Amino acid sequence: MLEIKGNLNAKGVRLGIVVSRFNELVTKELLAGAIEAYKRLGGDEADLVVVWVPGSLELPLVAKKLAERPDIHAVVAIGAVIRGATYHFEVVANQSAAGLAKAQLDTGTPIVNAILTTDTLERALERAGTKAGNKGADAVMAAVEMVRALGEL
Ligand code: INI
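Summarised in this report is the structure supplied together with it. Just so we're clear, the structure is a prediction, and the values are computed from it rather than from any experiment.

1. A short note on the nonpolar core
Leu15, Ile17, Val26, Val76, Ile78 and Val140 are the most contacted members of the largest nonpolar core, which totals 30 residues. Put simply, the parts of the chain that give this core at least two residues each are strand 1 (15-20), helix 1 (24-40), strand 3 (74-82), strand 4 (111-118) and helix 5 (135-152). Setting aside its immediate chain neighbours within four residues, Ile78 contacts Ile17, Val18, Val19, Ser20, Thr27, Leu30, Leu31, Ala34, Leu59 and Ala114.

2. Examining the packing of aromatic side chains
Following the criterion strictly, the structure yields 0 aromatic pairs and no others. When the ring centre of Phe89 is taken as origin, the NZ or CZ atom of Arg83, which lies over that ring, is 4.2 Å away.

3. Concerning the sheet that holds strand 1
Strand order in this open sheet of 4 strands is 2-1-3-4, and the pairing throughout is parallel. Pairing within the sheet leaves two strands with one partner each, and these edge strands are strand 2 (48-53) and strand 4. In this sheet, neighbouring strand axes are inclined to one another by 15 degrees on average, regardless of whether the strands run parallel or antiparallel. Pairing of strand 3 with strand 4, which is carried by 8 bridges, proceeds in the parallel orientation. Each residue of the ladder has a partner; that of Ala77, found in strand 4, is Asn113. This element, helix 1, spans strand 1, strand 2, strand 3 and strand 4 of the sheet and lies at about 155 degrees to strand 3.

4. What about the pattern of salt bridges?
For the structure shown, the criterion picks out 9 salt bridges. The shortest N-O distance in the salt bridge between Glu90 and Arg83 comes to 3.2 Å. Two residues, Glu126 and Arg127, come together in a salt bridge whose shortest N-O distance is 3.7 Å. One network of salt bridges, in which partners are shared, links Arg83, Glu90 and Asp119.

How each quantity is defined
Residues numbered from 1 in each chain as written. Predicted model: local features only at pLDDT ≥ 70, side-chain atom pairs only at ≥ 80, totals over all residues. Heavy atoms only, no water. Core = buried A, V, L, I, M, F, W, Y, C linked by side-chain atoms within 4.5 Å. Buried < 20%, exposed > 50% of the residue type's maximum accessible area, 1.4 Å probe, protein only. Helix = DSSP H or I, 4+ residues; strand = E, 2+ residues; numbered from the N terminus. Contact = heavy atoms within 4.5 Å. Phe/Tyr/Trp six-rings, centres within 6.5 Å; stacked < 30°, edge-to-face > 60°. Lys NZ or Arg CZ within 6 Å of the ring centre and 35° of its normal. Pairing = 2+ DSSP bridges. Axes fitted to C-alpha atoms, helices over the stretch in contact; angles between N-to-C directions. Salt bridge = Lys/Arg side-chain N within 4 Å of Asp/Glu carboxyl O.

Below is the structure:
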């Protein structure tokens, strides 16, 4: 039996992080959690490229551009879509997720979705480091594990 399991060693793993400015109160905490997790896993901040975009709908294109760069091994896309803040919650949530999934398959580079979709700002903040973990940190772990697993395939 061949069993492949990626490890969580981020040393030498070059990550692109694209982060939405919309709901920055939340996304800056997700970004901080992502960077902290990356360093905790042995990554060097010099191996990170961070790009800010206006909102979650802009994440897929920049994620794709980053994923196409030969010097980048994986991408993390950070956003926060909050139902209370928009009448087109479903559009923003669905289109951003679908765009990231397409970019990942089109490029063959792991693109991890760290877009929170919640009913309230409070729920989003809980998932950005206050009470229910930090989805930015989780996403970095997923990205590193994917890079390591793909390296074995
Ligand atoms: N973008 C978000 O990232 N989160 C939101 O909750 C949101 N709301 O509420 O509308 C949002 N909208 C902006 C959108 O992502 C684009 O930036 C904008 O439509 C310009 O294309």
